[in-house]
Amino acid sequence: MPSPDAAPARQRSDGRVRVRVVRHGIGTHVADLSEAGPLRLRLPRHAAGACEAVLLNTAGGIACGDGFQVEAEIGPGAHLVLTTTAAEKIYKSDGPSSHVGTRAVLAEGARLDWLPQETILFDRARLERRFEADLAADARLLVFEAVVFGRTARHERLDSGLFRDAWRIRRGGRLAYAESLAFDGPITALLERTALGGGARAMATLLDVSPDAEARLEAFRTHVDALASPGVDVAASAWNGHLVARFLSAAPDALRATAARLLVAYRGMPMPRVWQS
């Protein structure tokens, strides 16, 4: 029997969603869906050619060793737009790190737009996140992820915390894109350094892995010149079949507004409904 003085075992959230979509006629439809724990998937819109799906965390946030995993399989010619119902909050931890993983498999001619709303890290938050995708040769993947460091309305500083983020994209079974980011310690102070963030309180990455991504670089830069808000720094480059854009700002709301305008212009589609509310 456990010692009467032993700390009680914690009950942590373990959320999982697996979804498979297929093309049927001119549209994309859900063929299989499974949900576990507090993670749910809602389907507010089936437009011609695309299925819009929204992830919902009924636990209201992530903290202290919670684990969440999303898996998506996009069939040949199908198009899935996957987002989240609101910003995801990562609460403070007294030790354990939370883990969030996303994995996607895209068949021939498939397309995935992964457009979650921003992740907000509270002081003493500990988050380890991983995004993986396996693409067929002609599949198209667009990813946008934004992170906000502290609740700016409360002038919160992250005097202690952990944020690790890893992206691994494979095309045709071969690694095409790899990125790892790690902040450990006084994150706000680190971001105040000129070489790291220049005082940024929010950062984001846009990644386009598609057959014509490199050719769209100048068009994207034109959109940046026309649509970026003052105080939001955006820079883009393209190589080896993908385009990458970085966003930095001291004003998270301005970064979000800039990103939304750029994504609409670049994708040629409106943002998911939850982004517009």
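Each remark here, short or long, concerns the structure printed above.
Residues numbered from 1 in each chain as written. Predicted model: local features only at pLDDT ≥ 70, side-chain atom pairs only at ≥ 80, totals over all residues. Heavy atoms only, no water.

A short note on the environment of A254
Phase 1 of the analysis: Along the chain, the position of A254 falls in helix α3 (residues 252–267).
Phase 2 of the analysis: Each C-alpha atom, one on A254 and one on A36, is 35 Å from the other, the two residues being 218 residues apart in sequence.
Phase 3 of the analysis: With near-sequence residues (within four places) excluded, A254 lies in contact with S229 and V232. (Helix = DSSP H or I, 4+ residues; strand = E, 2+ residues; numbered from the N terminus. Contact = heavy atoms within 4.5 Å.)

A word on the packing of aromatic side chains
Phase 1 of the analysis: In the structure shown here, the tally under the stated rule is 8 aromatic pairs.
Phase 2 of the analysis: For the ring pair W114 and F131, a centre distance of 6.3 Å and an interplane angle of 25 degrees mean the geometry is stacked. With W114 in strand β9 (residues 111–115) and F131 in strand β11 (residues 126–135), the pair connects residues that are 17 residues apart, well separated along the chain.
Phase 3 of the analysis: Residue classification places W114 among the buried positions, given a relative accessible area of 5%.
Phase 4 of the analysis: Between F149 and F183, the ring centres sit 5.8 Å apart and the planes meet at 75 degrees, which makes this aromatic pair edge-to-face. Taken as a pair, F149 in strand β12 (residues 140–149) and F183 in strand β14 (residues 174–184) lie far apart in primary sequence, 34 residues in all.
Phase 5 of the analysis: On the basis of relative accessible area, F183 is assigned to the buried category, the value being 7%.
Phase 6 of the analysis: A network of ring pairs unites the aromatic residues W114, F131 and W167 as a single cluster.
Phase 7 of the analysis: The ring of Y266 has R216 lying over it, and the distance from NZ or CZ to the ring centre is 3.8 Å.
Phase 8 of the analysis: Directly above the ring of W275 sits R256, whose terminal nitrogen or CZ lies 4.7 Å from the centroid. (Phe/Tyr/Trp six-rings, centres within 6.5 Å; stacked < 30°, edge-to-face > 60°. Buried < 20%, exposed > 50% of the residue type's maximum accessible area, 1.4 Å probe, protein only. Lys NZ or Arg CZ within 6 Å of the ring centre and 35° of its normal.)

Focus: the pairing of strand β5 (residues 67–74)
Phase 1 of the analysis: Of the pairings in the sheet, the one linking strand β1 (residues 14–24) to β5 comprises 8 bridges and is parallel in character. Residue pairing in the sheet places V21 in a bridge with I74 of β5.
Phase 2 of the analysis: Direction of pairing for β5 relative to strand β8 (residues 98–106): parallel, over a ladder of 8 bridges. Of the residues in β8, the one forming a bridge with V70 is T102. (Pairing = 2+ DSSP bridges.)

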